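# Residue-level structural notes
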Amino acid sequence: MINQYIQEKQNEINPLIKDECQSLNLPERLKQPLIYAVEAGGKRLRPILMMASFEAFQPKSTDKIIHPALALEMIHTYSLIHDDLPAMDDDDFRRGRYTIHKAYDDATAILIGDGLLTYAFQVVSRSNQLEAEEKIYVLQQLSQASGLEGMIAGQFLDLQSENQNLQEEELNNIHQLKTGQLIRVAIKIGAYLGGATPPQIEALDEFGRYLGLVFQIQDDILDVKGNKDDIGKPVGSDEEKNKSTYPKVLGLNQTNEIKKHYMQQAKKKYDDARINQPRLLELLQIFGERTS
Ligand code: IPE
Ligand code: IPE
Ligand code: MG
Ligand code: MG
Ligand code: MG
């Protein structure tokens with residue numbers, strides 16, 4: 001059931017994100033890598049999460065959530081393009097094909113990343129589905145989560161932690177920042193625009209905090225024992241760069257235990273939110289047990 005839901009949402013998101021980029025008036029040499037970047041696929045889990053969170057409160061119409069959802073996927077896609085650059089994780093494959101800097105060059109990858117990040121805010125600010133106040137909320141939340149105090153700090157600390165022996169607590173902080181922030185904000189924006197009460201938003205925000213950790217822990221696990229064709233990116237990249245990851249700090253067995261523990265914590269927070277829709281819980285399961 002949840003897999004069908006994910007597929008339906010992917011089918012909705014994919015043409016929309018491509019259309020948004022296709023509609024831009026750009027030199028062909030710039031548009032080509034942009035389209036390459038947005039049509040490479042990817043699971044689209046963050047916009048799907050945002051939509052599921054919105055639909056938990058507004059099951060009938062999804063119009064209001066579509067622009068924030070597209071914007072979030074643009075920000076995520078930019079973060080991956082930059083994350084793969086030689087100056088960062090230096091990876092050649094992503095989403096089953098060459099990374100942008102490999103298929104084109106570093107400057108193109110930097111600029112396409114910059115472009116997607118900026119365009120995300122344009123897409124929200126000109127949305128015809130949102131009230132002015134809602135736009136401000138979405139822009140504030142997205143910029144905070146993806147910005148200096150959020151994902152950027154996380155990415156910085158991640159790079160600094162190469163060749164270091166980190167404590168679990170420090171690693172937890174990095175994961176919450178570099179990955180958790182975008183996942184958490186997906187849930188929060190969805191709930192807010194859907195009309196959740198402040199206590200519900202607070203409980204779901206905590207749910208999102210655990211969900212973000214679970215997602216990055218599973219990413220670390222897949223970097224050790226995933227399948228390259230399934231994950232669409234190299235296996236063993238973290239080890240090669242001597243990254244600080246959960247398997248490195250705790251070993252695989254304990255990593256699995258801690259993941260299960262965070263999944264249980266997430267479930268508790270979900271229960272606190274008192275919503276009658278299991279989709280977010282089903283997504284928790286997917287986030288924790290995915291193989292791609
Ligand atoms: C990969 O995210 C980067 C992390 C934050 C772990 P995803 O696993 O969601 O990547 P795509 O979007 O499906 O390619
Ligand atoms: C990436 O974490 C987090 C981002 C903000 C992009 P990773 O570096 O582990 O992501 P992958 O494994 O390259 O997708
Ligand atoms: Mg990285
Ligand atoms: Mg990486
Ligand atoms: Mg990784």
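Throughout what follows, the structure given in this document is the object of discussion. What you are looking at is a predicted structure, and each value in this text was computed from that prediction instead of being measured.

### So, the overall build of the chain
Helices and strands together make up the secondary structure of the chain, namely 15 helices and two strands. In terms of C-alpha radius of gyration, the chain reaches 18 Å, essentially the compact-globule figure of 19 Å for 292 residues. Summarising its shape, the C-alpha atoms of the chain cover approximately 50 × 45 × 35 Å along the three principal directions. The burial tally for the chain puts 42% of its 292 residues in the buried class. Considering only contacts in the chain between residues 6 or more positions apart, those separated by 24 or more positions represent 71%.

### Some details on the packing of helix α2 (residues 28-38) against helix α6 (residues 106-125)
Two elements in contact, α2 and α6, have axes whose closest approach is 10 Å; the angle formed by their N-to-C orientations is 70 degrees. For the element pair α2 / α6, the angle class is roughly perpendicular. For α2 against α6, the interelement crossing comes out right-handed. Facing α2, whose interface residues are P33, L34 and A37, α6 presents T108, I112, G115 and L116. In the contact of α2 with α6, the residues fall into five nonpolar, two polar and no charged.

### As for the site of ligand 2
Taken together, S79, L80, D83, D89, D91, M151, Q155, K178, T179, D219, D223 and K233 are the residues near ligand 2. If you list the elements that add at least two residues to the shell around ligand 2, you get α4 (63-83), α8 (148-160), α9 (168-194) and α10 (198-225). The dominant element in the shell around ligand 2, judged by the number of residues it contributes, is α4, at three residues.

### Some thoughts on the environment of E131
Within the element layout of this structure, E131 appears in the loop between α6 and α7 (132-146). What makes E131 exposed here is the crowd of 11 C-beta atoms within 10 Å. Sequence separation between E131 and Q265 is 134 residues; the distance between their C-alpha atoms is 35 Å.

### Quick notes on the site of ligand 1
In the vicinity of ligand 1, the residues found are G42, K43, L45, H76, L80, R95, T179, Q216 and D219. Of all elements in the fold, only α4 and α10 reach the threshold of two or more residues within the shell around ligand 1.

### Here we look at α2
Taken as a whole, α2 has its buried residues at P33, L34, A37 and V38. Relative to the axis of α2, the buried residues are bounded by an arc of 135 degrees and lie together on one face. Turned more than 90 degrees away from the buried face of α2 sit E28 and R29, all of them exposed. If you follow the buried residues of α2, they end up packed against α1 (2-22), α4, α5 (100-103) and α6.

### Description of helix α3 (residues 45-55)
Within α3, 11 of the 11 residues are buried, which leaves it mostly tucked inside the rest of the structure. Within the sequence span of α3, burial applies to L45, R46, P47, I48, L49, M50, M51, A52, S53, F54 and E55.

Rules of the game
- Residues numbered from 1 in each chain as written.
- Chains lettered and ligands numbered in written order.
- Predicted model: local features only at pLDDT ≥ 70, side-chain atom pairs only at ≥ 80, totals over all residues.
- Helix = DSSP H or I, 4+ residues; strand = E, 2+ residues; numbered from the N terminus.
- Rg over C-alpha atoms; globule rule 2.2 N^0.38 Å.
- Buried ≥ 20, exposed ≤ 12 C-beta atoms within 10 Å, placed from the backbone.
- Contact = placed C-beta atoms within 7 Å.
- Axes fitted to C-alpha atoms, helices over the stretch in contact; angles between N-to-C directions.
- Parallel < 35°, antiparallel > 145°, perpendicular 65-115°, else oblique.
- Left-handed = near helix turned anticlockwise from the far one by under 90°.
- Nonpolar A, V, L, I, M, F, W, Y, C, P; charged D, E, K, R; others polar.
- Near = placed C-beta within 6 Å.
- Arc of directions from axis to C-beta.

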